[in-house]
Amino acid sequence: MTLYIWWLFTIPTDRLVCELWTRNVPTQAEIVQSCGTADLGPYTLQVTRGGVTVCTIPAPSLPWFMQDCTLSGRMDDYRLRVVEPMYQTLICSVSTPTQDAPTADEIAAQCPGAAKYEIRFSGTRQADPKPDTVCMPPPTPRPDTIATSKDLHLLAGKLIWYGRARSNCPGGLAGVDPETFAATACGMDGARADVIAWQNSLDDAILQASAAWNVPPMTLKNIIERETQYWPWTGSLGEHGMIQITDDGAHIVLHVYEKGYYQLRPEQRAQARAAWLASLDCYYCSPEQAIQKARESMSKYAQALAAYYCTYQNWPAALTAWNVKYKE
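What comes next concerns the included structure. (Residues numbered from 1 in each chain as written. Predicted model: local features only at pLDDT ≥ 70, side-chain atom pairs only at ≥ 80, totals over all residues. Heavy atoms only, no water.)

Its identity as a non-glycine residue notwithstanding, Tyr-230 has a phi of 70°, on the positive side. By the element assignment, Tyr-230 lies in the loop between helix H7 (217-228) and helix H8 (247-257). Backbone geometry places Gln-244, a non-glycine residue, at a positive phi of 55°. A residue is classified by how much of its surface remains accessible, and Gln-244, at 4% relative accessible area, is buried. (Helix = DSSP H or I, 4+ residues; strand = E, 2+ residues; numbered from the N terminus. Buried < 20%, exposed > 50% of the residue type's maximum accessible area, 1.4 Å probe, protein only.)

Structural data, given as structure tokens:
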């Protein structure tokens with residue numbers, strides 16, 4: 001069966017890249033240094049005064065903007081805004097069994113949380129194989145519990161900082177190290193009960209997802225602990241979800257489980273990886289909403305771990321390769 005693939009993009013909007021306030025007309029090199037934008041071709045310049053836009057011109061006209069906008073007065077009376085017009089972000093992909101655009105129910109099922117978007121047809125691929133042909137690790141023992149009671153100082157610091165736990169520190173101290181943002185000793189003492197409850201709040205989801213994908217549940221839990229200490233906003237740019245999976249990891253998942261992946265053009269494969277990773281994120285969420293998103297994403301976490309097993313054929317090699325970089 002052929003599936004029809006649709007990309008969901010955010011509604012096009014003008015995106016502010018940066019704003020400058022200078023005494024002299026900036027050079028392109030100064031724009032690059034300030035804004036990180038080497039090629040001004042796709043951008044526009046907005047000239048504002050007192051918060052009001054007085055002129056909009058193509059960014060390549062930068063050297064002549066005073067004349068082109070017929071501005072008078074001093075240069076430092078104005079601010080320059082570098083704007084990317086009609087900016088869009090890919091947020092998800094949807095597959096349908098017909099050529100018709102996806103319905104609201106299909107979008108909600110495959111792209112939870114999608115609200116404002118623009119739909120574009122992307123292409124076709126063959127349907128996924130039947131479940132009994134999907135690569136799966138061998139069954140593993142299923143423990144009755146994976147509960148832990150570890151003193152996780154980073155988690156404790158986050159819980160204290162965001163008002164989800166209280167420290168036992170005297171003198172009004174917050175109990176959080178200002179440099180590392182981890183809990184101090186007295187902070188950990190006060191937050192311990194909340195830390196234990198929080199680190200076990202995903203156990204049911206971990207057990208269920210690991211059973212579905214034949215993944216050792218304690219292995220999955222240990223990865224979450226090592227990568228984020230169960231706090232949903234830990235990590236750096238390019239890392240997603242509580243397992244902090246990257247574009248390289250998404251490539252392995254789609255290589256193993258998305259059989260039409262290599263029928264896509266390279267840029268489409270990049271978009272597919274971006275969409276899969278974005279489905280793990282919870283934008284503008286509270287900690288409680290983000291932890292609920294992690295529960296909902298746990299099957300994908302387990303799927304990612306299973307994909308590594310299927311690629312490397314045993315658990316030690318799969319875990320060693322967890323952070324290996326992939327270059328397309």
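Our focus in this paragraph is the sheet that holds strand E4 (residues 52-58). An order of E2-E5-E3-E4 is seen for the four strands of this open sheet, with the pairing classed as antiparallel. Of all the strands in the sheet, the pair left with one neighbour each is strand E2 (13-20) and E4. Each adjacent strand pair in this sheet contributes to an overall mean axis angle of 30°, direction not counted. Pairing geometry for strand E3 (residues 44-49) and strand E5 (residues 79-87), over five bridges, is antiparallel. Within E5, the residue paired with Thr-44 across the bridge is Val-83. (Pairing = 2+ DSSP bridges. Axes fitted to C-alpha atoms, helices over the stretch in contact; angles between N-to-C directions.)

Attention now goes to the nonpolar core. Among the nonpolar cores identified, the biggest contains 59 residues, and Leu-220, Ile-224, Ile-243, Trp-276, Met-298 and Tyr-301 are the most heavily contacted of them. Among the elements that take part in this core, helix H10 (residues 287-312) stands out by supplying 12 residues, more than any other. Excluding anything up to four places from it in sequence, Met-298 contacts Leu-202, Ala-205, Ile-206, Ala-209, Leu-220 and Ile-224. (Core = buried A, V, L, I, M, F, W, Y, C linked by side-chain atoms within 4.5 Å. Contact = heavy atoms within 4.5 Å.)

Residues Trp-161, Tyr-162 and Phe-181 make up a contiguous nonpolar surface patch of roughly 330 Å² in combined accessible area. Taking the relative accessible area as the measure of exposure, Tyr-162 reaches 33% and is therefore partly exposed. (Patch = residues over 30% accessible without salt bridge, like charges linked within 9 Å, V, L, I, M, F, W, Y side chains within 5 Å. Areas by Shrake-Rupley, 256 points an atom, 1.4 Å probe, with all protein chains shown as cover. Salt bridge = Lys/Arg side-chain N within 4 Å of Asp/Glu carboxyl O.)

All of the buried residues in helix H4 (residues 153-161) are Leu-155, Ala-156, Gly-157, Leu-159 and Ile-160. On the buried face of H4, the contacting elements are helix H5 (185-199). The first or second residue beyond H4 is Gly-163, which carries a positive phi of 75°.

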